[in-house]
Amino acid sequence: MKQLLILFLLLTAQTLFSQSRNLQIEGIVTDTAGLPLPAVTVALSLQKDSTLIGFGMTDDQGHFILKRIASDDYYLQISYLGYQNYHQNLSLRPENPKTDLGKIALRAGNLLLNTVNVSSDRIPLQIRKDTIEYNAQAFKTQPGAVVEDLLKKLPGVQVDANGNVRAQGERVQNVLVDGKEFFGQDPKIATKNLPADAVDKVQVYNKKSDKAEFTGIEDGREQKTINLKLKEDHKHGYFGNASGGYGTKNRFDGKFNLNRFDKKLRLSGIGMANNTNQQGFSFDDYINFMGGLSNFMSSGGRGGRVRIELNPEDAGIPIGEGLQNGFTDTRAGGLNANYDLSSKTEISASYFYSRLQNERLRMVTRQNVLGDQVFNSDEMEDRFSRNAGHRLNLTLKHKVDSVQQITFRGRFSLSDALYDSRGSSHAFDPNGMLQNDGTRDYHSNGDFMQGNADLTYRVRLGKKGRALVANASYQDGKQTRAGDLRAQNNYTQTPDPDLVHQRQQYSDEAPNYGAQLNYTEPLGKKQYLELEASRRKYSNNTRKNFYDILETPTPGEYYNPELSNHFKRGYLYDRAGLNYLLNRKKYNLTLGAALQRSLLEGESLDRNLAFPRKTFVRVLPAGFFNYDFKPGRNLSIDYVTNLREPSLEQLQPVVDNSDPLNRYIGNPNLKPEFRHELSGHFLNFDQFTMTSLFFNLEAVYTQDRITNASTIDSLLRRTLTPVNVKQDVSLNGYVGLNTPLRFMKSNLSVNLSSGYNRGILFVNTQENKVNRWNNSLELVLENRKKDKFDLNGGARLNFSNTRYSISTNLNQNYLNSEYFGEVVYNPTKKWNIGTGINYFVYSKESFGERRTVPLWRAQLTRYILKNNRGRIQLAAFDLLNKNVGISRNSQLNYLEEERIQNLSRYFMLTFGYSISGFAKEQGGGIRINVRH
């Protein structure tokens, strides 16, 4: 608990220090006629180094007050759109604790004069209603930096090691470029590829839903969004970055992005090729390559968990642990275009290709719970996988007139996959005696194709707030796979081994459609009534043909009817609902309920298997409440209910023996899960102290939860079958704090999360109530002024605890921790030196052995050519040659540790170049000016 003590001391020191900052400034901002101006930005910075101390906004009466200021010399600047900036030097001393500036009149801006915008040097950000706008020029980045590097420097914005972005404590779900989508809706495509020096402003705001933007009725369904406003000259020309590197062990890394923008057309291209485990895009984008989440749900269905893992037989690459493990070769490229056909019509299109190849040697050890005993097992696997995917997106938006709008979205995905796996396993009884061992050799290849179309029509019907929204969608996909399995399992209790040699064929066709209609009627005083009706149909037509290949007594290939299956599944629901919406200046409220009738049916076309046709009728209540106390302080509470139908694999009453030691049999009697989800979010962002505090609480109660019942025989062979259990409860909480420690000239980020799950586990019909806790703590400390030095360091701790109601002697707990630090030094504008280390510690509790993995990296960069457009970098990775991938988890009735051979020490020399050419107005013409 040393980390908690350090946190306590830091916060205590900050509290004591803040008590000495007791000076304040206040005033009233008006126009020249004496009328108060609300929402005016007021910023205070130090005269000696222009460091921003704090900022705020005027209230409805034009009044502002800045508190908790230390004694020093300051520069005050006041800015408001359409008015000239006001600035004043101030000297604050303890003998005058309150400084009243009285009324400050702003003059209207003169748009005919080419004046110097002082705010670019003094005010790094402004607040405009619900939008925080950062001036990118006030935050220094290195030449060749991408948007992600810029976001890391913005106060109130955090970027984690995986590239996920949080702003004012909330996760950013969408990144736009000049208000337009960029390669779909994956934030990391923009943040990891667009050059930072192309950005003029970074706008952070809560984007309303498309329906709310059209109708003007708040529905509480917002997305934290970042809009990257480009510099004016970058909107008329081309710009981008390119780099290429080669290193020891034949490592290479090349990438580029090139953007060509003009008044109507915005064209962007990106590409990459490397064998250093770098993807440059997110997990969501990879799923798009694979044709959608449907490919990934099989393993999730088997585990009965919301965690998504890739089933290697379904596709190409196992990415449950992420593609950073093993050895990954990436080739990817794409093109994105936004074109304004007219003032009423715009079109967006993107194409993306990716080829990912992964090699992985993994070793797994497990402790398996069986009643009140534990048996151990181990596994070693050498696998190779490759996937190539194409994705095409198209969006068309058309304003028919001032009250009608049509939006069409289409997507087409095509991918193929190859998978090879060779492995061995051993299982031991509680006394450590070998019970079985086996070898497995599996090969498969397949392809997947999917297309979908979505059409939305919106119309306002005269009276303000009266609107109709209609949506129709259709999706169709087809997957095929061919596999070859060879397996041999030996048992100490019997002399006869299991021998399996099979040829497996699999295909699935999955058409589905949906239609929805929403009508909103105003009731007066910003109250509305919403009626909705929808229908959705999901279908699967799947075939599994298994053939046993025999060498004796009669060699040949024989159809296996017990493992083969031709199965159809259908899930249809009709829903009708009524919602009451109340909009107020400070808050909005939605209360409603829907009546849903669901039909789940299946049919076995090649065998006489009963599959009952099931109908479910449920009332699904929902509620949304959002309250804005003031800019930067918000509370929201959401409550939703839904039915989750069983997956195709869970329903099929056929044995899957792809791993003969771990067989899976579906259950046609499953019922859908009925989930209640209640969540609360509170955000407090102090504009003056730049402190953000974010709380998130979530509770999920599930009736008829689908989980796996496990049966283990005397030879330690396991059979899994999905079953419904009465209930399942999950609780999750998160607290995030980000605050400057001014006495240290640094910034502190603290993130606490805790998760609890109470579920039911069946092993050999014995019911165990299982309680699991996962708690984590992250502390990050970094310097605020980064002109010469950029420093950060911290720790991440994760504690897991599992308790069984019957097998209490098998309770488990373990602690994983990570300590990290990074130093970047810029001695001159031509040189950049950096080094960093991540030190991972895995405790011995429950695993019997403590493991450590130190990862040390360093780089040296020299900037060359005019304006530092060129750069040469020498980088070293894993200097200690200790890289190994380790993951530990507690799932179902086992505790598991996985170790993966990883990419180890190598050195790389890279050359990079920044490309730009901008249009300049010259006597009515346009000239492209390329700067070297």
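Residues numbered from 1 in each chain as written. Predicted model: local features only at pLDDT ≥ 70, side-chain atom pairs only at ≥ 80, totals over all residues. Heavy atoms only, no water.

Once that is clear, we can look at the pairing of strand 42 (residues 831-842). As paired strands, strand 41 (residues 812-828) and strand 42 are joined by eleven bridges and run antiparallel to one another. Paired with S817 across the bridge in strand 42 is V841. Two successive antiparallel strands, strand 41 and strand 42, enclose a turn made up of two residues. With twelve bridges connecting them, strand 42 and strand 43 (residues 851-864) associate as antiparallel partners. Residue G836 lies in a different strand from strand 43, and its bridge partner there is R857. (Pairing = 2+ DSSP bridges. Helix = DSSP H or I, 4+ residues; strand = E, 2+ residues; numbered from the N terminus.)

This paragraph deals with the sheet that holds strand 4 (residues 63-69). Strand order in the open sheet formed by three strands is 4-1-7, and the pairing between neighbours is mixed. If you trace the sheet from one side to the other, it starts and ends with strand 4 and strand 7 (98-106), each paired once. Sheet twist, expressed as the average angle between the axes of neighbouring strands with direction ignored, equals 15 degrees. (Axes fitted to C-alpha atoms, helices over the stretch in contact; angles between N-to-C directions.)

Together, K464, K525, K526 and R584 make up a region of like positive charge exposed at the surface. Inspection of the secondary structure puts R584 in the loop between strand 29 (565-583) and strand 30 (587-604). Residue R584 is classed as partly exposed on the basis of its relative accessible area, which comes to 34%. (Patch = residues over 30% accessible without salt bridge, like charges linked within 9 Å, V, L, I, M, F, W, Y side chains within 5 Å. Areas by Shrake-Rupley, 256 points an atom, 1.4 Å probe, with all protein chains shown as cover. Salt bridge = Lys/Arg side-chain N within 4 Å of Asp/Glu carboxyl O. Lys, Arg positive; Asp, Glu negative; His and termini not counted. Charge placed at Lys NZ, Arg CZ, Asp CG, Glu CD. Buried < 20%, exposed > 50% of the residue type's maximum accessible area, 1.4 Å probe, protein only.)

A full pass over the atoms with the stated rule returns 35 salt bridges. D200 is the salt-bridge partner of K201, the closest N and O atoms lying 3.3 Å from each other. A salt bridge links R618 to D704; its shortest N-O distance comes to 3.9 Å. Linking R618 in strand 31 (residues 614-630) with D704 in strand 36 (residues 691-712), this pair joins segments that are 86 residues apart in sequence. According to the relative accessible area criterion, D704 is buried, its value standing at 15%. Put simply, R362, E379, E381, R383 and E898 are held in one network by salt bridges that share partners.

With that settled, consider the pairing of strand 16 (residues 237-247). In terms of strand pairing, strand 16 meets strand 17 (residues 252-261) through ten bridges, oriented antiparallel. Looking at strand 17, one finds that S243 is bridged to K255. The loop that links strand 16 with its antiparallel partner strand 17 comprises four residues; one of these, K249, has a positive phi angle of about 60 degrees.

Let us look at the packing of aromatic side chains. The geometry of two aromatic rings is summed up by the distance between their centres and the angle between their planes. Within the structure shown, the criterion is met by 16 aromatic pairs. Aromatic pair F239 and F261: ring centres 5.6 Å apart, planes at 85 degrees, arrangement edge-to-face. In this pair, F239 sits in strand 16 while F261 sits in strand 17, placing the two residues 22 residues apart along the sequence. Accessibility expressed as a relative area gives 2% for F239, which makes it buried. Connected via pairs of aromatic rings, a cluster forms that spans Y587, F625, Y627, F629, F682 and F695. Lying across the ring of Y506, R481 places its NZ or CZ 4.3 Å from the centre. (Phe/Tyr/Trp six-rings, centres within 6.5 Å; stacked < 30°, edge-to-face > 60°. Lys NZ or Arg CZ within 6 Å of the ring centre and 35° of its normal.)

Here we take up the nonpolar core. Residues Y134, L150, L151, L154, V202, I226 and L228 are the most contacted members of the largest nonpolar core, which totals 37 residues. Looking at this core, the elements with two or more residues in it are strand 9 (131-135), helix 3 (147-151), strand 10 (157-159), strand 11 (165-167), strand 13 (174-177), helix 4 (187-191), strand 14 (199-207) and strand 15 (223-230). Excluding anything up to four places from it in sequence, L150 contacts A136, F139, T141, A196, V199 and V202. (Core = buried A, V, L, I, M, F, W, Y, C linked by side-chain atoms within 4.5 Å. Contact = heavy atoms within 4.5 Å.)

Strand order in the open sheet formed by three strands is 10-11-12, and the pairing between neighbours is antiparallel. The open sheet is flanked by strand 10 and strand 12 (170-171), the only strands paired with a single partner. Strand direction decides the pairing type here: strand 10 and strand 11, joined by three bridges, are antiparallel. Bridged to V157 within strand 11 is A167.

Attention shifts here to a nonpolar patch on the surface. Together, W831, I833, L860, L865, I872, L874, F907, L909 and F911 make up an exposed nonpolar region whose accessible area comes to about 790 Å². Of all the secondary structure elements, the ones that give two or more residues to the nonpolar patch are strand 42, strand 44 (870-877) and strand 47 (906-922). In terms of residues, the nonpolar patch owes the most to one element, strand 47, which gives three residues. By secondary structure assignment, the location of L865 is in the loop between strand 43 and strand 44.

As a further point, take the side chain of Q812. With respect to the element layout, Q812 can be found in strand 41. Owing to a relative accessible area of 5%, Q812 belongs among the buried residues under this scheme. Every residue in contact with Q812, bar those within four places of it in the chain, is listed here: V369, S800, N801, T802, R803, Y804, S846, S890 and L895.

What follows deals with unusual backbone geometry. The linkage connecting T552 with the following residue, P553, adopts the cis geometry, with an omega of -5 degrees. Positive phi values are uncommon outside glycine, yet L865 reaches one of about 70 degrees. Assessed through its relative accessible area of 45%, L865 is described here as partly exposed.

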